[in-house]
Amino acid sequence: MRVTVWGCRGSLASPGPETVRYGGNTSCLEIRLSDDSLVVLDAGTGIRPLGVALAGEHLPRIDILLTHLHIDHLEGLGFFGPLWDPNAEIHVWGPASPTRSLEERIGMYLSPPLFPIHLREIPSHPIFHDVPPDEWRVGPATVKADFINHPGPTVGFRVLDEDRTLAYIPDHEPALGVDDLATASPEWVSGTGVAWGVDVLFHDAQYTQDEYDVRVGWGHSSTEHAVTFARLAKVRRYVMFHHDPQHSDEQLDRILAYARELWGEDGDSIEMAHEGLRVEV
Amino acid sequence: MPESPRTRSLVLILAKDLASRLATPVFVVDHEGMLLYFNEAAEPVLGRSYAEAGDLGAEEWATMFEPRDLDGNLLPLQDIPLGIALLKHKPAHRTLTIRAGDGVRRRLAITAFPLFAHRDEFVGAVAVFWEQDREGRG
């Protein structure tokens, strides 16, 4: 699998001179599977430039996997070029709520007054799938979705392709629900079923510990919690993701240096996501 | 890749966490009725600690406390609130007596309800209970 980061900012797009190195677009990853088919993880504002980059490439099918429908993970969907191509076959996967299907929920955003065009008028007529409880196939890959700890229905994804695994949990508060994350049994920690032993984990690292302490229950991780979770789940490589919109490039540099201290030996196994980052899984 | 651990439903993780933070006695079981947790507030009422309870299946926890109705008749699993939540997936409430682990028979008001992660995904059940005096006061 080849992964490209098109957006790694959390909560709100934050372009500007202070975020130019890590980027201001919200969550979006491009995955090219072993047969070169395309899977897109989340539809934050980063999906717009991805759509631009895909112009002229005739893909038989695109699968978009949405972890949840908070606006920073959905706001780019209507600006994804292939969505407006009547010949494109687009499948959108994501969590239903207890009372509404994924399609109904997305239709609440892709319709007036929040969006000028109604979902049913979009030329590609995307096909919506509530994430199933069991694994499913996307091209050569096997995908698994587990509900994880974040306000509202939210899943993390695990993608397996040719014995290589990637986990994507951009919004996650694993510390909520356990007394001490560092000593908790993995079976009682949200997200371990997705992240366990993967080659590469993209995971929430939105807050410093001081920021987290006044935002408990908001659904995100401190640097300490993120590193502890990655260690607990025995991941081989951890990419810090979902940067707070208030964090400048310089702050993110400092957070990464601290995270590497926490990680200990083999500090190169942890890095900070930035737009344009390519990861070979 | 290291062998994957068994992982619990997020609903059970959060139910257990909520119970651990409450001063009201709470008892949590999974979809098969296996005891997952009872909180510190439940320990003096049940007359035993969670740590010493061990793995208990539904038939075990339903009989070890000898639940009886207020006329003294033994109650089977399907007639106690947590059994109803577990077997029929319905909420239930009842006042009954148990013989706790310390040998004392106590009168409890119990409310139990099923946990559904999704409309068709039953993941467990919770019982909340209160010790009452002989006049039924909580």
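Residues numbered from 1 in each chain as written. Chains lettered and ligands numbered in written order. Predicted model: local features only at pLDDT ≥ 70, side-chain atom pairs only at ≥ 80, totals over all residues. Heavy atoms only, no water.

A.B. asks: For this particular structure, what's the right way to read the side chain of Asp30 of chain B?
C.D. replies: All names here are of chain B. Of note, Asp30 is situated in strand β1 (residues 26-30). No salt bridge forms around the buried Asp30; measuring N to O, its nearest opposite-charge neighbour Arg8 is 4.1 Å away. At a separation of 2.9 Å, a polar atom in the side chain of Asp30 contacts the main-chain amide nitrogen of Met34. Not counting chain neighbours up to four residues away, the residues in contact with Asp30 comprise Arg6, Arg8, Leu12, Leu36, Leu86, Val123 and Gly124. (Helix = DSSP H or I, 4+ residues; strand = E, 2+ residues; numbered from the N terminus. Buried < 20%, exposed > 50% of the residue type's maximum accessible area, 1.4 Å probe, protein only. Lys, Arg positive; Asp, Glu negative; His and termini not counted. Salt bridge = Lys/Arg side-chain N within 4 Å of Asp/Glu carboxyl O. Polar contact = N/O pair within 3.5 Å; in protein donor to acceptor, adjacent residues only side chain to side chain. Contact = heavy atoms within 4.5 Å.)

A.B. asks: Help me understand the interface of chain B and chain A in this model?
C.D. replies: By a frequent convention, interface size equals the accessible area lost on bringing the separate parts together. Taken together, the contact pairs 18 residues of chain B with 19 residues of chain A. Both faces considered, chain B and chain A share a buried interface measuring about 1,700 Å² in area, 63% of it formed by carbon and sulfur atoms. On the surface where chain B and chain A come into contact, there are 1 salt bridge. Counting the contacts that link chain B with chain A gives 2 residue pairs in polar contact (both at pLDDT 80 or more). Examining the composition of the side of chain B that touches chain A, we find that 7 residues originate from one element, helix α1 (residues 10-21) of chain B, more than from any other. (Buried area = accessible area lost by both parts, 1.4 Å probe.)

A.B. asks: Where do I start with the pairing of strand β4 (residues 105-118) of chain B in this structure?
C.D. replies: Look at any regular strand and the pattern is simple: side chains alternate between the two faces of the sheet. Residue and element names in this part refer to chain B. Note that strand β3 (residues 92-99) and β4 share 8 bridges and pair antiparallel. Along β4, the bridge assignment pairs Thr97 with Arg107. Adjacent in sequence and paired antiparallel, β3 and β4 are bridged by 5 residues, among which Gly103 carries a positive phi angle near 90 degrees. As paired elements, β4 and strand β5 (residues 121-132) share 11 bridges and run antiparallel to each other. Looking across to β5, one finds that Ala109 is bridged to Trp130. Hairpin connection between β4 and β5: a loop of 2 residues separates the two successive antiparallel strands. (Pairing = 2+ DSSP bridges.)

A.B. asks: Would you take a moment to explain the sheet that holds strand β8 (residues 141-147) of chain A for this structure?
C.D. replies: Adjacent strands of a sheet form backbone hydrogen bonds with each other and so pair up, either parallel or antiparallel. All names here are of chain A. If you trace the 7 strands from one edge of the open sheet to the other, you get β7-β8-β9-β10-β11-β12-β13, paired in mixed fashion. Both edges of this open sheet fall to β7 (136-138) and β13 (270-272), since each of them pairs with a single strand only. Neighbour-to-neighbour, the strand axes of this sheet turn through a mean angle of 25 degrees, independent of strand direction. Direction of pairing for strand β12 (residues 238-241) relative to β13: parallel, over a ladder of 3 bridges. When the sheet's bridge partners are listed, Val239 is paired in β13 with Glu271. The sheet strands contacting helix α6 (residues 249-263) are β12 and β13, and the helix crosses β13 at an angle near 170 degrees. (Axes fitted to C-alpha atoms, helices over the stretch in contact; angles between N-to-C directions.)

A.B. asks: Before we go on, may I ask you to explain helix α2 (residues 102-109) of chain A in this structure?
C.D. replies: Taken together, the buried positions of α2 of chain A are Leu102, Arg105, Ile106, Gly107 and Tyr109 of chain A. Residues of α2 of chain A that are buried make contact with β5 (90-94) and β6 (127-130) of chain A.

A.B. asks: Hey, could you run me through the layout of surface pockets in this one?
C.D. replies: Picture a little ball the size of a water molecule; that probe, rolled over the atoms, points out where space is still empty. In this structure, the largest pocket spans a volume of roughly 1,200 Å³. Taken together, 47 residues line the largest pocket, and the ones lying closest to its centre are Phe147 of chain A together with Ser9, Ala117, His118 and Glu121 of chain B. For the lining of the largest pocket, the secondary structure elements donating two or more residues are β8 and α3 (192-195) of chain A together with α1, β4 and β5 of chain B. Residue contributions to the lining of the largest pocket peak at 5 residues, all from α1 of chain B. Estimated volume of the second largest pocket: approximately 230 Å³. Taken together, Gly177, Val178, Asp179, Asp180, Ala184, Ser185 and Trp188 of chain A together with Ile13, Lys16, Asp17, Ser20 and Tyr37 of chain B make up the full set of residues lining the second largest pocket. A class-by-class count of the residues in the lining of the second largest pocket yields 5 nonpolar, 3 polar and 4 charged. (1 Å grid on protein atoms, 1.4 Å probe; cavity = no way out; pocket = protein on both sides within 12 Å on 5 of 7 lines; lining within 4 Å. Points joined across faces, edges and corners; volume = space filled by probe spheres on them. Nonpolar A, V, L, I, M, F, W, Y, C, P; charged D, E, K, R; others polar.)

A.B. asks: Before we go on, may I ask you to explain the sheet that holds β6 of chain A in this structure?
C.D. replies: Residues and elements named next belong to chain A. Spatially, 7 strands are ordered β6-β5-β4-β3-β2-β1-β14 in an open sheet, and the strand pairing comes out mixed. In this open sheet, the two strands that pair with only one neighbour each are β6 and β14 (278-280). The sheet shows a mean angle of 20 degrees between the axes of neighbouring strands, taken without regard to direction.

A.B. asks: Even after reading the chapter, I still don't get the packing of helix α5 (residues 223-232) of chain A against α6 of chain A, so can you show me in this structure?
C.D. replies: Two quantities define a packed helix pair, namely the angle between the axes and the distance from one axis to the other. Residues and elements named next belong to chain A. Direction vectors running N to C along α5 and α6 enclose 40 degrees, while the axes themselves pass 10 Å from each other. Here α5 is positioned oblique relative to α6, judged by the angle of their axes. Handedness of the α5/α6 crossing: right-handed. Residues Thr223, Glu224, Val227, Ala230 and Arg231 of α5 pack against Ile255, Tyr258, Ala259, Leu262 and Trp263 of α6. The residue inventory of the contact of α5 with α6, partitioned by class, reads 7 nonpolar, 1 polar and 2 charged. (Parallel < 35°, antiparallel > 145°, perpendicular 65-115°, else oblique. Left-handed = near helix turned anticlockwise from the far one by under 90°.)

A.B. asks: Hey, could you run me through the pattern of salt bridges in this one?
C.D. replies: Note that side chains of opposite charge can pair when their charged atoms are close. Residue and element names in this part refer to chain A. Scanning the model with the defined rule gives 19 salt bridges over all chains in all. With its nearest N and O atoms 2.8 Å apart, the salt bridge here joins Asp63 to Arg61. Given a relative accessible area of 3%, Asp63 falls into the buried group. Using a relative accessible area of 29% as the deciding quantity, one classes Arg61 as partly exposed. The partner of Glu271 in a salt bridge is Arg237, with the nearest N and O atoms 2.6 Å apart. Here Arg237 lies in the loop between α5 and β12 and Glu271 lies in strand β13, a separation of 34 residues in the sequence. Its relative accessible area of 14% is what places Glu271 among the buried residues. Three or more residues joined by partner-sharing salt bridges are found here, namely Arg2, Glu30, Arg32, Asp36 and Glu57.

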